[in-house]
Structures are given as structure tokens and as C-alpha cells.
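Single-letter residue listing:
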Amino acid sequence: MASDTDLRQNEKATALEPASDAVLRFIGTIRTPWTDRDDCPRQGRLDGPECRIVLNPEWHEALTGLDNYETVEVLYWLDQSRRDLVLQSPKSDGRIVGTFALRSPVRPNPIGTSIVKLERIENGTLFVRGLDCLDGTPLVDIKPNRCDFTPKAPPKPGDGQTD
Ligand code: SAM
């Protein structure tokens, strides 16, 4: 994790209590070719290198039906990010942008998302293209790509909303 002294020109951090208000349960590990942040793409490409999403065994069955989708959304925890920057200087040139106007890994809850191309699933491992995270990045969730997802019939008055 970066230290408070690593601020770039005009960047601003905020003082934070240790986070304690939510607990995530990681469900697997992402294996990619990148071990150094500088080598990682800033955003994945669907024609990028094949990566593996290795699900913990207790979640293998939860993949049932996912192979119907060509692309899926992956959420992961950018675990090596600092989490206290309010203003950031992405280009290190003194110009600043608010954290929520960026897709930077540096954010209060460092969740990364990518739409990836699903090549195949074997024994609880997804083989995908389109990731941009370090090898060993913890996996938070997997969902069908919302653009591929077939919406249910529009709700009628009185219907309960369940998802
Ligand atoms: N596609 C995701 C998104 O838009 O939410 C992440 C984009 S973020 C700009 C991708 C960058 O995060 C990579 O280029 C790398 O510098 C950094 N990164 C990748 N894995 C990381 C990790 N485990 N911890 C901290 N930073 C990471």
C-alpha cells in the first residue's frame, strides 16, 4: 500500500478511521500475466491475453448457467491500492481530478469491474479475456453482462421487485 508521503503535486488525501462497516467475502482469485502495476493495462481488452478466474470450490456450483453468456461482468478487489485520496493527479502533472470522476484503482472501496469475454469454464475456473488486474487479485463477484441479460417482462402495478 502506498504511504501518505507518496502524494503527487496538488493531490489531497483525507484522514480515515480504519474501515469496519462492511465485510466482503472473497470468492476466488484472479490469475493474470501481470505482477507489476505498471505492466497492467489501464482497462482490459476483449482481445487481451487469456486470464483465469479461479473460484473457491464452495462456489463452483454457482456457475451453473453462466456458460450461456459470451461476456460476463467481473468485480474484484484492487487490494494494493491506497484508499484515502479525494483528489488525484492521474498524469502526475499537477492537474487534479476528483476520485469519483476517475476509474483509478485508488478509491475508498477499491472495487474494479471489467466486462470480459468468457472463453470456457473448466472445473470452477473461468478462462476469460478483458482483465486489467494484477496476478492474485481477490475476486468479489461474477455476473452476466447486463447488456446480454434478458430482462423480465416489465413489472405490473402490485408486482414485488425481487432483483
Ligand atoms: N477495469 C477496472 C475498472 O474500471 O473498475 C479497473 C481499472 S484500474 C485503472 C486498472 C489499474 O489498476 C491497472 O492498470 C493497475 O495499475 C491497477 N491494479 C491492477 N490490479 C491491482 C491491484 N490488485 N491492486 C491495486 N491496483 C491494481
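Structural data are supplied above this passage.
Conventions adopted
Residues numbered from 1 in each chain as written. Predicted model: local features only at pLDDT ≥ 70, side-chain atom pairs only at ≥ 80, totals over all residues. Heavy atoms only, no water. Salt bridge = Lys/Arg side-chain N within 4 Å of Asp/Glu carboxyl O. Buried < 20%, exposed > 50% of the residue type's maximum accessible area, 1.4 Å probe, protein only. Near = heavy atom within 4 Å. Polar contact = N/O pair within 3.5 Å; in protein donor to acceptor, adjacent residues only side chain to side chain. Helix = DSSP H or I, 4+ residues; strand = E, 2+ residues; numbered from the N terminus. Nonpolar A, V, L, I, M, F, W, Y, C, P; charged D, E, K, R; others polar. Phe/Tyr/Trp six-rings, centres within 6.5 Å; stacked < 30°, edge-to-face > 60°. Lys NZ or Arg CZ within 6 Å of the ring centre and 35° of its normal. Pairing = 2+ DSSP bridges. Axes fitted to C-alpha atoms, helices over the stretch in contact; angles between N-to-C directions.

Q: What should I look at first to understand the pattern of salt bridges in this one?
A: Close approach of charged atoms allows side chains of opposite charge to pair. The full count for this structure, using the stated rule, is 10 salt bridges. A salt bridge links Asp84 to Arg82; the nearest nitrogen and oxygen atoms lie 2.8 Å apart. Using a relative accessible area of 12% as the deciding quantity, one classes Asp84 as buried. Take Arg82: its relative accessible area is 6%, and that puts it in the buried class. Among the charged side chains, a network of salt bridges with common partners joins Glu50, Lys117, Glu119, Arg120, Glu122 and Arg129.

Q: Even after reading the chapter, I still don't get the site of the ligand, so can you show me in this structure?
A: Around the ligand sit 19 residues, and of these Pro41, Gln43, Asp79, Arg103 and Asp132 come closest. Between the ligand and the protein, one listed contact pairs a nitrogen atom with a backbone N or O atom of Leu134 at 3.0 Å. It is strand 7 (residues 111-122) that contributes the most residues to the shell around the ligand, three residues altogether. When its residues are assigned to classes, the shell around the ligand shows seven nonpolar, seven polar and five charged.

Q: Could you clarify how one ought to interpret the packing of aromatic side chains in this entry?
A: Here a ring pair, both rings aromatic, is described through the centre-centre distance and the interplanar angle of the planes. Counted by the stated rule, this structure contains one aromatic pair. Ring geometry for Phe26 and Trp77: centres 6.4 Å apart, planes at 45°, overall tilted. Taken together, the positions of Phe26 in the loop between strand 1 (12-13) and strand 2 (28-31) and Trp77 in strand 4 (residues 71-77) put the pair 51 residues apart, joining distant regions of the chain. Note on Trp77: relative accessible area 13%, which makes it buried. The aromatic ring of Phe127 is capped on one face by Arg120, whose charged end is 3.9 Å from the ring centroid.

Q: Looking at this structure, how should I read the sheet that holds strand 2?
A: Think of a sheet as strands paired side by side through backbone hydrogen bonds, with each pair either parallel or antiparallel. Spatially, 2-3-8-7-4-9 is the arrangement adopted by the six strands of the closed barrel, whose pairing is antiparallel. Averaged over all neighbouring strand pairs, the angle between strand axes comes to 45°, with direction disregarded. Examined bridge by bridge, strand 4 and strand 9 (residues 137-144) share five bridges and lie antiparallel to one another. Residue pairing across strands places Val74 opposite Ile142, the latter belonging to strand 9.

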